[in-house]
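# Working through the structure, step by step
Single-letter residue listing:
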Amino acid sequence: MTIEDRGDAKLLTHALAQDTLSKLRDVETEQVGFRKGLVKLGRICGYEIIDGAMETEYVEIETPLTETTGETVKGLDDVVIINVLRAATPFVEGLLKAFPRAKQGVISAGRDEEAGRDEDGTFPITIDYVKLPEIREEDTVIVADPMLATGSTMCAVLDEVLNEQPDPEDLFVLSAVSAPEGLLRVGDEFDEADLLTVAIDDHLNDEGFIVPGLGDAGDRAFRTT
């Protein structure tokens, strides 16, 4: 099993995920490579969620030669993926390779960096757009954002996702890199969510960016630096 429980989060330790993350961290990785890396990492994370968190069942099948018993994954039609714009777009593209029949939701949310961090270390969050599918109790919901820093954005997004919706069977907050501060905040406010990340980084700097981090994932993926 390559999903390890680290207390505040579950860490995805798959060797290929770690290799891909290392390339994403590299300042020499240019836009195309960075974007493709996020797609690849999303696909790996999706497969690991299937392997580590979803049940299977045995079914009778007929091959060209005989009848036999096969094994299938349960619930692949009951997946909802929430794309936190904009950095999560290539990340979600990869997730959809693992969950091609997933329903999708989109939330445009961003922190007001000009306002600065509040006394508790969080940022004010602006949500500009929300479009979500119906969420049912039997669904597996994956809220994807490559970077979980202060947790301000993710908490605002989860408020929108769970607003007047039934609690889904499984709720995952999926990130590539996370800061300890963000994991603690999201975990405290949404204990029903499983926090899944490829790396738990050292700390946040004074501007609220993850160190060592990836830089600005949205700018690097969309070449807006």
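Naming follows an unreviewed UniProt entry, where the protein chain appears as Uracil phosphoribosyltransferase of Halorussus caseinilyticus. Looking at the protein chain in UniProt, the text filed under Catalytic activity (unreviewed entry) is "UMP + diphosphate = 5-phospho-alpha-D-ribose 1-diphosphate + uracil". Quoted straight from UniProt, the Pathway (unreviewed entry) entry for the protein chain says "Pyrimidine metabolism; UMP biosynthesis via salvage pathway; UMP from uracil: step 1/1."

For helix H1 (residues 15-25), the full list of buried residues reads Ala17, Thr20, Leu21 and Leu24. An end-on view of H1 places all buried positions within 100 degrees of arc, on one side of the element. Where H1 is buried, its residues contact strand E2 (10-12), helix H2 (31-53), strand E10 (170-178), strand E11 (194-200) and helix H6 (217-222).

This part covers the side chain of Thr197. As for its position among the elements, Thr197 is in strand E11. Apart from the residues within four sequence positions on either side, Thr197 is in contact with Ala9, Lys10, Leu11, Leu12, Ser175, Ala176, Val177 and Ser178.

To continue, consider the confidence of the model for the protein chain. For the protein chain, the average pLDDT comes to 93, and 96% of its residues sit at 70 or higher. Element-level pLDDT for the protein chain is lowest in strand E1 (residues 3-5), with a mean of 87, against a maximum mean of 98 in strand E8 (residues 140-144).

This paragraph deals with the UniProt feature "binding site: 5-phospho-alpha-D-ribose 1-diphosphate" (unreviewed entry) in the protein chain. With numbering aligned to this structure, UniProt lists the feature "binding site: 5-phospho-alpha-D-ribose 1-diphosphate" (unreviewed entry) at Arg86, Arg111, Asp145, Pro146, Met147, Leu148, Ala149, Thr150, Gly151, Ser152, Thr153 and Asp216. Tracing the backbone through its elements, the reader meets Arg111 in strand E6 (residues 103-111). The residues touching Arg111, leaving out its near neighbours within four places in the chain, are Phe123, Pro124, Ile125, Ala149, Thr150, Thr153, Glu207, Gly208 and Phe209. Tracing the chain through its elements places Ser152 in helix H4 (residues 152-162). For Ser152, a relative accessible area of 3% corresponds to the buried category. Ignoring any residue separated from it by four or fewer positions in sequence, one finds Ser152 in contact with Thr122, Phe123, Ile125 and Arg185.

Once that is clear, we can look at the environment of Leu21. Assignment of secondary structure puts Leu21 in helix H1. Distance in space between the C-alpha atoms of Leu21 and Gly151 is 20 Å, their sequence separation being 130 residues. Excluding residues that lie within four positions of it along the chain, Leu21 makes contacts with Ala176, Val177, Val198, Ala199 and Leu214.

With that settled, the discussion passes to the pairing of E10. For a regular strand, the rule is simple: side chains alternate between the two faces of the sheet. Across the nine residues that make up E10, a large majority, eight, are buried. Pairing analysis gives five bridges linking E8 to E10, with the strands arranged parallel. Of the residues in E10, the one forming a bridge with Val141 is Leu171. Bridge count between strand E9 (residues 147-148) and E10: two bridges; the pairing is parallel. By the bridge assignment for E10, Leu148 is matched with Ser178. Considered for its hand, the β-α-β crossover made up of E9, H4 and E10 is right-handed. For the crossover from E10 across helix H5 (residues 180-189) to E11, the handedness is right-handed.

Quick notes on the rules
- Along each chain, residues carry numbers from 1 onward, in the same order as the chain's sequence is written.
- Only residues with pLDDT of at least 70 are given local features in this predicted model, and only at 80 or more are side-chain atom pairs given and counted; all residues enter the totals for whole chains, interfaces and linings.
- In computing side-chain values, all of the structure's heavy atoms are included and hydrogens and water are not.
- UniProt positions are given in the numbering used here, feature names are shortened, and annotations may be inferred rather than shown by experiment.
- The rule is simple: take the accessible area with a 1.4 Å probe, protein chains only, and divide by the maximum for that residue type; under 20% is buried, over 50% is exposed, in between is partly exposed.
- Helix and strand definitions follow DSSP, with helices as H or I runs of at least four residues and strands as E runs of at least two, each counted in order from the N terminus.
- Within this analysis, the arc is defined by the directions that extend from the helix axis to the C-beta atoms.
- Whether two residues touch is decided by their heavy atoms; if any such pair falls within 4.5 Å, the residues are in contact.
- As a per-residue quantity, pLDDT reports the predictor's confidence and falls between 0 and 100.
- Pairs of strands are assigned from DSSP output, requiring at least two bridges between the strands.
- Viewed with both strands pointing away, a crossover whose connecting path from the first strand over the helix to the second turns clockwise is right-handed.

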